[in-house]
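As a plain string of letters, each chain reads:
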Amino acid sequence: MRLDITTLPGDGVGPEVTREAVRVLRTVLDLYGYEVSFEEHAVGGVAIRQFGAPLPEATARACMESHAVLLGAVGGPEFDSLPPGQRPEAGLLGLRQALGGFANLRPAIAYSAIADCSPLRPDILKGVDILIVRELLGGIYFGEPRGFSASPGPAASNTMRYSEAEIERVAHVAFRQARMRHRKVTSVDKANVLETSQLWRQTVTRVAREYPEIRLDHMYVDACAMRLITHPGSFDVIVTENLFGDILSDEAAVISGSLGMLASATIGGKVDLYEPVHGSAPDIAGRGIANPLGAIASAALLLRHSTGLEQGAQDVEDAIREVLDKGYRTADLSPQQGESGQRGRAKRVVSTTEMGALVESAVADVVDRRRAYHAV
Ligand code: NAD
């Protein structure tokens, strides 16, 4: 049981949060008897400074040869004037393409202890735990032809295209995930208007026959956008195409209360990629106040999808919940103003490293307690 993980801390708060994710991952894998090696490489702005390119050859090679890749974030204001192909973000796009993951998984979880950090009412958020599965390599972002034209007047066009095979493979990911959750898939499309959505709906319906234990419903994207805010608790797994998934997954972020809480996994390619949803946060970089929980939750996804350690993933998620339940917060987790003033108050604001250490210690406790329980 040996695992080779490439870490790409990147820029800004990337190294700060990745350090804490690695710390937790190392502890869990050790508890489960894994031998793990972490090899760090440069990507993004740091790679431009060191090697003159946002995705050096050595970085790409190391990623392709590892079992999984854990990334922090890339980007920073000093690179904003570079042409798009030379900017830090080009390194990340190149990496995603090389790894080839077609399914982007984004959990949106409402932790009850920090429900007061979300603009949504606590009763709406109660028990919300959604997994958005977004198709990542097809649709309008990649379709050809695309571009600008000048005659008869300035115009621009993009092409939304999906093949049956592209829809099938991401639908299978969604149904398999639903099997391990609450056995419900909501497929989101715009089948009343778009042919790509009609094919999407037909294909997902056909794939669903292979999963008779899963409940499938279909929803138009406009209705889904509204329902995510009014009744988020009615969703389990949402599967949708690239553009709709991009928008809905950002919308669902309000459920978790802070950008710093959000994790993601990109799976289905040669090597899977795990990264928090947030960027390099240059406004707070170097101050030791970044929230590492999104990065740590991404490490939990790595355990789930790249090692099959479902129990280990749940241990990390339980540890995050425990630490929040005890009242520990990073600075971003501040209560929203309610109609009658603050609905709650953070009990103790901790630094990035303190939060990492708290989760590490909580995960060891969670595993110990479970093992003691099963030994009795
Ligand atoms: P951002 O996610 O970096 O920051 C948005 C806001 O959220 C900021 O106020 C920031 O302080 C806060 N924030 C982000 N992560 C946080 C954390 N872990 N803890 C506490 N607060 C956190 O987005 P931005 O400001 O639009 O972009 C900054 C840079 O990051 C840009 O160069 C952008 O291109 C890049 N970016 C990279 C990625 C990525 O690497 N995947 C994603 C988005 C943006």
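All values reported here derive from a predicted model rather than from experimental measurement.

Caption draft 1: Region of the structure containing the pattern of salt bridges. Applying the stated criterion across every chain yields a total of 25 salt bridges. Ionic pairing is found between Arg370 and Asp315, a salt bridge with its closest N-O pair at 2.6 Å. Taken together, the residues Arg370 in helix H12 (residues 352–375) and Asp315 in helix H11 (residues 310–325) connect sequence positions 55 residues apart. Salt bridges here are not isolated pairs; linked through shared partners, they connect Arg2, Asp4 and Glu35.

Caption draft 2: Main features of the site of the ligand. Close to the ligand lie 20 residues, the nearest being Glu89, Gly279, Ala281, Asp283 and Asn291. Gly76 is positioned with one of its backbone polar atoms (N or O) 3.3 Å from an oxygen atom of the ligand. In this structure, Asp283 approaches the ligand through a side-chain N or O atom, which is 2.9 Å from an oxygen atom. When the ligand sits alone it has 800 Å² of accessible area, and the protein chains cover 68% of it. Grouping the amino acids of the shell around the ligand by side-chain chemistry returns 9 nonpolar, 7 polar and 4 charged.

Caption draft 3: Spotlight on the nonpolar core. In this structure, Ile5, Leu25, Leu29, Val133, Phe175, Val316 and Ile320 are the most contacted members of the largest nonpolar core, which totals 73 residues. Aside from chain neighbours lying at most four places away, what touches Ile320 is Tyr111, Leu293, Ile296, Ala297 and Val359. Grouped together as the second largest cluster of nonpolar side chains are 19 residues, Val188, Phe235, Ile238 and Ala252 included.

Caption draft 4: Spatial organisation of the pairing of strand S8 (residues 184–189). For S8, the tally of buried residues reaches 6 of 6 residues, placing the bulk of the element in the interior. Here 6 bridges tie S8 to strand S9 (residues 215–220), and the two strands are oriented parallel to one another. The residue bridging Val185 from the neighbouring strand is Leu216, located in S9. Between S8 and its parallel partner S9, the chain crosses via helix H7 (residues 195–208), and the hand of that crossover is right-handed. Across 4 bridges, the pairing between S8 and strand S10 (residues 237–240) is parallel. Looking at S10, one finds that Val185 is bridged to Val237.

Reading the values: the criteria
Residues numbered from 1 in each chain as written. Predicted model: local features only at pLDDT ≥ 70, side-chain atom pairs only at ≥ 80, totals over all residues. Heavy atoms only, no water. Salt bridge = Lys/Arg side-chain N within 4 Å of Asp/Glu carboxyl O. Helix = DSSP H or I, 4+ residues; strand = E, 2+ residues; numbered from the N terminus. Near = heavy atom within 4 Å. Polar contact = N/O pair within 3.5 Å; in protein donor to acceptor, adjacent residues only side chain to side chain. Areas by Shrake-Rupley, 256 points an atom, 1.4 Å probe, with all protein chains shown as cover. Nonpolar A, V, L, I, M, F, W, Y, C, P; charged D, E, K, R; others polar. Core = buried A, V, L, I, M, F, W, Y, C linked by side-chain atoms within 4.5 Å. Buried < 20%, exposed > 50% of the residue type's maximum accessible area, 1.4 Å probe, protein only. Contact = heavy atoms within 4.5 Å. Pairing = 2+ DSSP bridges. Right-handed = clockwise from strand over helix to strand, strands pointing away.

Fair warning: the whole summary comes from geometry, so function is off the table for now.
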